[in-house]
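# Summary of structural features
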Amino acid sequence: MKILGKTSIRRKLMLMLLLTSSSALLLSAAGFAVNDWLSLRRSMFERLHAQAQIIGNNSIAALTFADPESAANTLASLKNEADIVAAALFGIENQLFCHYQRDNGSAIPRHLPRHASGAIDGNFFVVAPVILDGRTIGHIMLISDLSYWKERQYFHLFIAAAVLLLSLLLALLLSSRLQRLVSEPILQLAATARRVTEQRDYGLRAEKLSADEIGTLVDDFNGMLSQIQLRDHELQKIRDQLEEKVHARTLELSELAQQLEHQAYHDTLTGLANRITFDDHLRLAIDQARRYGQRLAVMFLDLDRFKVINDTLGHVVGDKLLVQVAQRLSACIRDSDTLARLGGDEFAVLLTQIRHDTDAAEVACKLTEAIADPIQVDGYSLHVTTSIGISLFPEDGGLAEAIVKNADTAMYRSKDRGRNQYTFFSSEMNSRAVRRLALETKLRQAIAEGNLSIHYQPRRDTHTLAIIGVEALARWHDAEEGPISPAEFIPLAEECGLIAAIDEWVLERACKEMLPWCTNPDTPIRLAVNLSPAQFIREDLYDVVAAILQRTGFPGERLELEITESLFGPGSVDACSVLNQLCELGIELSIDDFGTAYSSLSRLKQLPLHTLKIDKSFVRDLGQDPDDEILVRTIIAMAHNLNLKVVAEGVETDRQYLYVKQYGCDTVQGFLFGCPIPYPQLMMELGDIHPQSRNAAPTPAYLQPQRLRD
């Protein structure tokens, strides 16, 4: 079958025709041969049987009279029959009566065979009865030689073989001709298909040579080529469009790859170098500086109070502010230097090939001055400052990580010193940074374990010196270090995001402790609690304060919330709506540390404030600095014109007290009238006051009229 599968269709058709015709001829020849064999056999038996009847009739008399000699003469007449080799006559008892046999004849059986015909010793025989008057008186048996029959058979087979051979030759000639009628169109169709495949020309068509099934196949093939040609045109259009899209997409991917590469090494918002690029440039600069004995400086910048702007005015405004800050910073450095945004509001500057420390200081001054100018963003005039830390190579470290870390440490030192300035790194700052980290850990633990406490500082009426209120102040007493100053842990809490938890705890604890005194009609004491600016970026501040008042039962009209002036400076959060909500609870609001920031009179007039507290830095120099005296007098007059009560904090001397009293200050607070004390001590002080005179404390000796006159 494998060999046949590789044979051409012409040979297959010829072979098929030959096999078909030869099979038919062989079957016909075999049929004729069998029929001839049967016919000869039948005719031979018929002839023998006829001769046997004739011999039997001639032998009736011999059998009747038992004359074997006469019967033998009768049988001897068969010697003229060349094909009869023996004959035998059997009596009535089937016993051999007489016989005739040629020299090469077959042996004569002694008894009559049971069958009327058959073969014996390779010869045919027939047995016929001898009948007289309808009665069988014997049997005659004739044995014929097969040589004649075989000769006839061989002759007939020769004729049949010759006819078969001639027929096969004729079939071969005819099949060779006839197969072309089938194979030629198929071969041409195959050749056309091969040319289409090789040339990829779907416009070629196969020639139709007949109207039969092959012609139909050619039509279908040509129709298929038409469809393929149509699809090929469509595919070509699609291929062209696809190539255009691939080309466009390749350009897009190339641009995207460039963008991704740029984003990998640059800040996506400002376009400045990112931390990865800055670190790489710093390492290369350190290697070059070490090789050539040069110096370099790293400056770490952090925008002051940027989080308040970002959280109150939104990230969109914050992002635009960062972009303008980056542009201003870029204008202050050389092309050979590196400016990077490390994340959030943190920037870093790498200054290479500096000669003196003053080079870095000059650049730091330029940076702070460039940031200090107001920045206009979406209608807001934003005032931001920056704190800068500077570290030098090789003085402050030999590795890039150490240089950056030391610059970061110096930056925090700038914030501790009041912000909006630069600080060079010094070795003792590391201990400060370690201290800061340890203090943050302890503060978190103290808040979690409730180890903070509250001290209360009395407020007195300026004229009667009666205690009219107290200010709740958070205090922290560490088991290892002892008391830790609020000036140290409150700024730390603001930077670490812990101030909100402290504010809420102080407010709720103070409300619980002062509830009996603030609700007693005989002691109309007001409770003052500080709120950090970070609280005003919370959308749920009103809910938090309302929930605390509800839990403690503290009346809102006896509560005063103190807010720092920086909350109302230019570019700060618009807290008017938040303050109005708090006023709905009956709470009074006071502005703390007034005079230290940049709040405007028009802004203060728009806010629902009740009290203004003069910062102690102005009270401290009263009687010594004429400018401070004028400023305090002006603040008191301005506050009264705005219908605000005035509190002077930090009053520590008689001269300070007499000055604020002279110009109409309503309330005084300071060490002169009492230090911040724990609640049990406050209870004792409040309890010692007689009910009838609780609102009028005795006048100290240093405030008696005679001394005042002196």
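Higher on the page you've got the structure.
All values derive from a computational prediction rather than experimental measurement.

Here we take up the environment of Lys-613. Mapped onto the secondary structure, Lys-613 falls in strand 19 (residues 611-614). Linking Lys-613 and Val-646, residues 33 residues apart in sequence, is a C-alpha distance of 5.7 Å. When neighbours within four sequence positions are excluded, Lys-613 is seen to be in contact with Arg-459, Glu-471, Glu-562, Ser-590, Ile-591, Asp-592, Asp-593, Phe-594, Val-647, Glu-649 and Gln-669. Here Glu-471 takes part through its side chain, which lies 3.1 Å from a polar atom of the side chain of Lys-613.

Before going further, it helps to examine the packing of aromatic side chains. Under the counting rule described, the total for this entry stands at five aromatic pairs. Relative to Tyr-679, the ring of Tyr-456 has its centre 6.1 Å away and its plane inclined at 65 degrees; by these criteria the two rings are edge-to-face. One end of the pair, Tyr-456, is in strand 13 (residues 452-461); the other, Tyr-679, is in helix 21 (residues 679-687), and 223 residues separate them in sequence.

Glancing now at helix 9 (residues 315-330). Along an α-helix, residues three or four positions apart point the same way, because every turn accommodates 3.6 residues. In this model helix 9 runs 22 Å from its N-terminal to its C-terminal C-alpha over 16 residues, within 8% of the 22 Å that 1.5 Å per residue would give. Turning to helix 9, its buried residues are Val-317, Gly-318, Leu-321, Leu-322, Val-325, Ala-326 and Leu-329.

On the basis of which strands lie adjacent, the open sheet formed by five strands has the order 2-1-5-4-3 and antiparallel pairing. Pairing within the sheet leaves two strands with one partner each, and these edge strands are strand 2 (96-101) and strand 3 (117-120). For this sheet, the mean angle separating the axes of adjacent strands, direction not counted, is 20 degrees. Bridging between strand 1 (residues 84-90) and strand 5 (residues 135-144) involves six bridges; their strand directions are antiparallel. By the bridge assignment, Phe-90 is partnered in strand 5 with His-139.

Another point: the pattern of salt bridges. Using the criterion set out here, one finds 26 salt bridges in the structure. Taking the shortest distance from any N to any O, the salt bridge between Glu-252 and Arg-249 comes out at 2.9 Å. Separated by three residues within a single helix, Glu-252 and Arg-249 lie in helix 6 (residues 213-265), roughly one turn from each other. We classify Glu-252 as partly exposed; its relative accessible area is 41%. Owing to a relative accessible area of 46%, Arg-249 belongs among the partly exposed residues under this scheme. Among the salt bridges present, the one from Glu-481 reaches Lys-442, with a minimum N-O distance of 3.0 Å. Note that Glu-481 is positioned in the loop between strand 14 (467-478) and strand 15 (482-484) and Lys-442 in helix 12 (residues 428-449), a separation of 39 residues in sequence. Classification of Glu-481 by relative accessible area gives partly exposed; the value is 37%. Via salt bridges that share partners, Arg-459, Glu-471, Glu-560, Glu-562, Asp-592, Lys-613 and Glu-649 belong to a single interconnected network.

Moving on, we come to helix 14 (residues 499-518). A maximum bend of about 40 degrees is found in helix 14 at Lys-512, where proline Pro-516 lies one to four positions downstream. Within the span of helix 14, buried status applies to Ile-499, Ile-502, Asp-503, Val-506, Leu-507, Glu-508, Ala-510, Cys-511, Glu-513, Met-514, Trp-517 and Cys-518.

Here we take up the side chain of Glu-629. Note that Glu-629 resides in helix 19 (residues 626-641). No salt bridge is formed by the buried Glu-629. Its closest oppositely charged neighbour is Arg-633, at 5.6 Å. Not counting chain neighbours up to four residues away, the residues in contact with Glu-629 comprise Leu-622, Gly-623, Gln-624 and Tyr-659.

The next thing to look at is a nonpolar patch on the surface. Judged by side-chain polarity, Phe-155, Phe-158, Ile-159 and Val-163 come together as a nonpolar surface patch covering roughly 420 Å² of accessible area. Looking at the secondary structure, you find Val-163 in helix 5 (residues 147-199). The exposure class assigned to Val-163 is partly exposed, which follows from its relative accessible area of 49%.

Once that is clear, we can look at the nonpolar core. Within the largest apolar cluster, 75 residues are counted, with the highest numbers of intra-cluster contacts made by Tyr-456, Met-514 and Leu-527. No other element matches helix 14, which puts nine residues into this core. Contact partners of Met-514, with chain neighbours within four places excluded, come to Tyr-456, Val-470, Ile-525, Leu-527, Phe-554, Tyr-679 and Leu-682. In terms of nonpolar packing, the next biggest core, distinct from the first, is built from 34 residues, Cys-332, Phe-347, Leu-351 and Ile-388 among them.

Counted according to the given criterion, the structure contains two cavities of 30 Å³ or more. A volume near 40 Å³ is recorded for the second largest cavity. Lining of the second largest cavity is provided by ten residues; of these, Glu-504, Leu-507, Leu-531, Gln-535 and Val-544 occupy positions nearest its centre. For the lining of the second largest cavity, the elements supplying multiple residues, two or more each, are helix 14 and helix 15 (541-552). Ranked by the residues each element gives to the lining of the second largest cavity, the list is headed by helix 15, at four residues. The class makeup of the residues in the lining of the second largest cavity is six nonpolar, one polar and three charged.

Scoring rules and cut-offs
Residues numbered from 1 in each chain as written. Predicted model: local features only at pLDDT ≥ 70, side-chain atom pairs only at ≥ 80, totals over all residues. Heavy atoms only, no water. Helix = DSSP H or I, 4+ residues; strand = E, 2+ residues; numbered from the N terminus. Contact = heavy atoms within 4.5 Å. Polar contact = N/O pair within 3.5 Å; in protein donor to acceptor, adjacent residues only side chain to side chain. Phe/Tyr/Trp six-rings, centres within 6.5 Å; stacked < 30°, edge-to-face > 60°. Expected span 1.5 Å × (residues − 1). Buried < 20%, exposed > 50% of the residue type's maximum accessible area, 1.4 Å probe, protein only. Pairing = 2+ DSSP bridges. Axes fitted to C-alpha atoms, helices over the stretch in contact; angles between N-to-C directions. Salt bridge = Lys/Arg side-chain N within 4 Å of Asp/Glu carboxyl O. Bend = angle between axes of the 7 residues up to and from the residue. Lys, Arg positive; Asp, Glu negative; His and termini not counted. Patch = residues over 30% accessible without salt bridge, like charges linked within 9 Å, V, L, I, M, F, W, Y side chains within 5 Å. Areas by Shrake-Rupley, 256 points an atom, 1.4 Å probe, with all protein chains shown as cover. Core = buried A, V, L, I, M, F, W, Y, C linked by side-chain atoms within 4.5 Å. 1 Å grid on protein atoms, 1.4 Å probe; cavity = no way out; pocket = protein on both sides within 12 Å on 5 of 7 lines; lining within 4 Å. Points joined across faces, edges and corners; volume = space filled by probe spheres on them. Nonpolar A, V, L, I, M, F, W, Y, C, P; charged D, E, K, R; others polar.

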